[in-house]
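# Residue-level structural notes
Spelled out, the chains give:
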Amino acid sequence: MAQHEFQTEVRELLHLIVHSLYSNKEIFLRELVSNAQDALDKLKYLTVSDDVYKGIALDPRIDLSFKKGADGAGSTLTVTDNGIGMNEADLIESLGTIARSGTKAFLDKLSQDAKRDSNLIGQFGVGFYSAFMVADKIEVVSRKAGEEKAYKWVSDGKNGYTIEEDGRESQGTTVTLHLNGEGEEFASRWSIEDIVKRYSNHVAFPIYLTYDEKEWDEKGKEKGTVIKTNRINSGTALWRRNKSELKDEDYKEFYKGLGHDGEDPLFYVHTRAEGTLEYNTLFFVPQKAPFDMYHADYKSGVKLYVKRVFITDDDKELLPTYLRFVRGVIDSEDLPLNVSREILQQNKILTNIKSASVKKLLGEFKALADRAEDGGAAEEDKKKWDTFITEFNRPLKEGLYQDWANKDALMELARFKSTAVAGWTSFAAYTSRMKGGQKHIYYISGGTADTLKASPLLEAYKAKGIEVLILDDEIDEIVMPSVREYAKKAGDLEQKWEIRSVNRAGADEDIAGNDEEDKKAAKEKEKEARPVIEKIKNALGDRVKEVKLSKRLTDSPSCIVADENDPSFQMAAMMRAMGQTLPDVKPILEVNGSHPLVARLKDEEDAVKIADVSSVLLDQALLVEGLKLHDPADFVKRLNRLLGAPQGPSLGAAQGK
């Protein structure tokens with residue numbers, strides 16, 4: 001018998017489960033049945049796709065049984081399957097360690113909110129350990145398909161675990177829970193049947209429950225007991241049933257098992273396609289974003305079946321990455337059962353199913369948006385849409401540069417904050433509020449919403465009543481350069497607007513004025529400011545790409561913008577953080593000729609003062625954009641000189657200290 005220690009993260013998890021997560025204890029059975037289903041799915045697939053396993057006679061089933069202890073103590077509950085099974089190495093890897101990178105994130109999310117926390121267990125791939133909520137000891141006996149030896153894994157959930165050789169007639173796994181006081185209630189036929197029907201009724205393999213039933217004579221006296229075994233699940237793949245047969249509750253309970261989620265889905269999309277291709281799809285959008293949505297090694301939430309035979313749940317090609325939050329099932333009638341993962345990536349049938357599924361999902365998202373943003377929208381639709389955008393707006397925006405085929409649909413779905421309205425707004429809503437003569441859709445990016453709304457770059461836009469979209473998500477820096485224009489159709493007519501960043505030079509076109517008087521006045525201002533501009537340019541040298549008189553500033557003395565051909569300052573910082581080598585992106589400094597700090601340079605001849613004012617104009621513009629100063633000490637020194645701070649001995653020295 002070999003003694004093993006749990007991985008550190010497993011010990012932490014088990015401690016939390018035992019001491020904190022006593023709400024909604026029944027999920028343990030859902031997780032154990034789900035594990036048994038996965039084991040059967042894997043073996044069933046191998047028996048039709050791998051010559052090594054084709055000789056195995058598989059009659060897939062899951063068996064449940066229980067024994068009631070005397071005086072309510074010593075009860076056990078057993079879950080058995082004849083699936084793929086595990087050898088010694090598999091037991092150590094699957095039950096002694098947690099390989100998924102999200103485990104630490106799971107532990108960090110745990111709190112005293114026991115009900116919510118217990119619902120998270122399955123999402124993090126650690127559902128087996130939930131059994132320790134109801135058991136003070138667990139025994140696992142398993143034999144891997146194609147191997148002769150079986151092994152027994154035993155643990156009390158505290159002091160590690162042991163593994164030793166054991167006996168088992170055929171492949172599969174038996175999990176025996178020695179129930180504690182919290183788990184005694186589950187050593188009951190009615191309790192087990194209720195949980196299975198609610199969470200696992202859809203499981204495609206038969207689930208049997210074995211129990212003792214008392215027998216009575218004609219006079220009503222007990223004459224003994226008989227052992228009975230009954231099937232307790234329907235075993236019908238829910239996604240293959242007609243929608244007319246199903247209730248909303250059926251979908252919700254199916255999702256909870258599929259998505260390992262204790263909450264109802266936000267909404268679902270059930271489709272059956274017949275014709276050139278035959279397939280069924282059932283997709284769910286969860287209430288909350290999956291914990292690993294922004295992890296490079298995120299786990300796909302979609303399972304692929306062929307004629308009800310499970311193929312894979314680890315193929316990220318089933319849906320595009322920007323829809324990685326979707327959970328569900330794709331079941332094809334046309335794919336071969338022995339299709340490999342490599343073939344899947346280039347398979348035309350799956351490509352067509354994927355394309356149709358994406359269009360269907362985006363169409364459902366748009367339909368929800370239209371209902372929610374309609375004047376007489378139901379409160380339920382408003383809440384759904386607000387939750388959907390709050391949780392999934394960011395990945396949807398990724399699609400704007402990933403999925404050109406559906407770019408127009410995604411343009412209608414993306415939502416942004418704005419200087420004109422509270423909450424979220426769309427490109428369509430923005431254009432409907434445009435003032436006459438406005439040629440472009442404007443946005444500002446590169447910081448928090450509060451910082452961006454206070455940016456001096458917006459001063460003239462606000463004064464002219466021009467709306468600017470507030471893009472405060474890091475991904476916007478990547479997405480928006482690829483989104484050049486927005487088009488809106490009205491009947492046969494199509495109108496297009498260029499999308500421009502106010503962080504860029506030349507974006508102040510609409511606020512400069514287009515009539516002859518405006519143009520003449522602008523030229524006069526530029527001519528008048530030319531000597532000051534030259535002084536600033538000479539003082540700053542190669543710290544800036546250019547110095548210009550600003551058309552967009554009304555109150556602030558200066559701002560910086562990026563050249564049209566350069567990456568934004570935030571994008572450049574992100575690229576450097578990812579290890580890319582970039583030349584310095586030099587800003588264009590725009591100055592407000594009417595501001596006293598700038599105007600004072602007109603008659604200034606002192607080179608030191610000109611240098612101080614010029615440097616402070618640039619540095620404060622950098623600070624407002626949230627960028628680091630090259631030399632903060634120099635900025636403070638120059639600012640103090642401009643404020644007239646004394647340059648003599650310190651206060652302490654003056655006082656003789």
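Read on for an overview of the structure. (Residues numbered from 1 in each chain as written. Predicted model: local features only at pLDDT ≥ 70, side-chain atom pairs only at ≥ 80, totals over all residues. Heavy atoms only, no water.)

### Some details on the packing of helix 16 (residues 516–540) against helix 19 (residues 607–624)
Under the convention used in this document: Axis definition: a line fitted to C-alpha atoms, over the contacting stretch in the case of helices. Angles run 0 to 180 degrees between N-to-C directions. Per the convention used, a helix needs a DSSP run of H or I reaching at least four residues, while a strand needs a run of E reaching at least two, with both numbered from the N terminus. Each angle gets one of four labels, with under 35 degrees taken as roughly parallel, over 145 as roughly antiparallel, 65 to 115 as roughly perpendicular, and the rest as oblique. We call two residues in contact whenever any of their non-hydrogen atoms come within 4.5 Å of each other.
Running from N to C, helix 16 and helix 19 cross one another at 85°; their axes reach a closest spacing of 9 Å. Between helix 16 and helix 19, the angle is such that the two are roughly perpendicular. Contacts from Lys 535, Ile 536, Ala 539 and Leu 540 in helix 16 reach Ile 610, Ala 611, Ser 614, Ser 615, Leu 617 and Leu 618 in helix 19.

### Examining empty space enclosed by the protein
Test applied: Cavities and pockets were defined on a 1 Å grid built over protein atoms only: a cavity is a set of grid points that admits a 1.4 Å probe from which the probe cannot escape, a pocket is an open set flanked by protein on both sides within 12 Å along at least five of seven lines, and lining residues are those with an atom within 4 Å of any such point. Grid points are joined across faces, edges and corners, and a volume is the space filled by probe spheres set on the points. When residues are grouped by polarity, Ala, Val, Leu, Ile, Met, Phe, Trp, Tyr, Cys and Pro land in nonpolar, Asp, Glu, Lys and Arg in charged, and all others, Gly among them, in polar.
For the structure on display, the rule yields 3 cavities of 30 Å³ or more. For the largest cavity, the calculated volume is near 70 Å³. As for the largest cavity, its lining consists of Tyr 298, Ser 300, Gly 301, Val 302, Asp 315, Lys 316, Leu 318, Leu 319, Pro 320, Leu 323, Arg 324 and Val 326. When grouped by side-chain class, the residues that make up the lining of the largest cavity number 7 nonpolar, 2 polar and 3 charged.

### Observations regarding the side chain of Asp 261
Our working definition: Exposure classes here rest on a 1.4 Å probe applied to the protein chains alone. A residue is buried below 20% of its type maximum, exposed above 50%, and partly exposed in between. In this tally, Asp and Glu contribute negative charge and Lys and Arg positive charge; neither His nor the terminal groups of the chain are included. One side-chain nitrogen of Lys or Arg within 4 Å of one carboxyl oxygen of Asp or Glu is enough to make a salt bridge. For this analysis, a polar contact is any N or O atom pair within 3.5 Å, provided that within protein one partner can donate a hydrogen and the other can accept it, and provided that sequence-adjacent residues contribute only side-chain to side-chain pairs.
With respect to the secondary-structure elements, Asp 261 resides in the loop between helix 7 (248–258) and strand 10 (267–273). Buried charged residue Asp 261 carries no salt bridge. Nearest counter-charge: Arg 30, at 7.0 Å. Side chain to side chain, Asp 261 and Tyr 255 meet in a polar contact 2.8 Å long.

### Re the sheet that holds strand 2 (residues 62–67)
Note the threshold: Pairing between strands requires that DSSP locate at least two bridges from one strand to the other.
Spatially, 1-6-5-4-7-3-2-8-9 is the arrangement adopted by the 9 strands of the open sheet, whose pairing is mixed. At either margin of the open sheet sits one strand with a lone partner, and together these are strand 1 (2–4) and strand 9 (222–231). The average angle at which neighbouring strand axes cross in this sheet is 20°, direction not considered. Judged from the 4 bridges that link them, strand 2 and strand 8 (residues 207–216) form a sheet pairing that is parallel. Bridging across to strand 8, Ser 65 finds its partner in Thr 210. Set on the sheet, helix 2 (residues 27–49) makes contact with strand 2, strand 3 (76–81), strand 7 (172–179) and strand 8; between it and strand 3 the angle comes to about 20°.

### Here's the deal with the sheet that holds strand 21 (residues 558–561)
With respect to topology, 3 strands assemble into an open sheet ordered 20-22-21, the strand pairing being mixed. One side of each edge strand has no neighbouring strand; the edge strands of this open sheet are strand 20 (546–549) and strand 21. Averaged over all adjacent pairs, the angle separating strand axes in this sheet is 25°, with direction ignored.

### Looking at the packing of aromatic side chains
Just so we agree on the cut-off: Within 6.5 Å between ring centres, the rings of Phe, Tyr and Trp (the latter by its six-membered ring) count as paired, and their orientation is classed by plane angle as stacked under 30 degrees, edge-to-face over 60, tilted in between.
All chains considered together, the criterion is met by 24 aromatic pairs. Pairing Phe 325 with Phe 388 gives two aromatic rings, centres 6.2 Å apart and planes at 75°, and the pair type is edge-to-face. In this pair, Phe 325 sits in the loop between strand 13 (309–312) and strand 14 (327–332) while Phe 388 sits in helix 10 (residues 379–402), placing the two residues 63 residues apart along the sequence. For the pair Phe 325 and Phe 388, a shared accessibility class is recorded, and that class is buried. Plain terms: the ring middles of Trp 385 and Phe 388 are 5.5 Å apart, the flat faces sit at 25° to each other, and that makes the pair stacked. Of this pair, Trp 385 and Phe 388 both sit in helix 10, 3 residues apart, which is roughly one turn of the helix. For the pair formed by Trp 385 and Phe 388, the shared burial category is buried.

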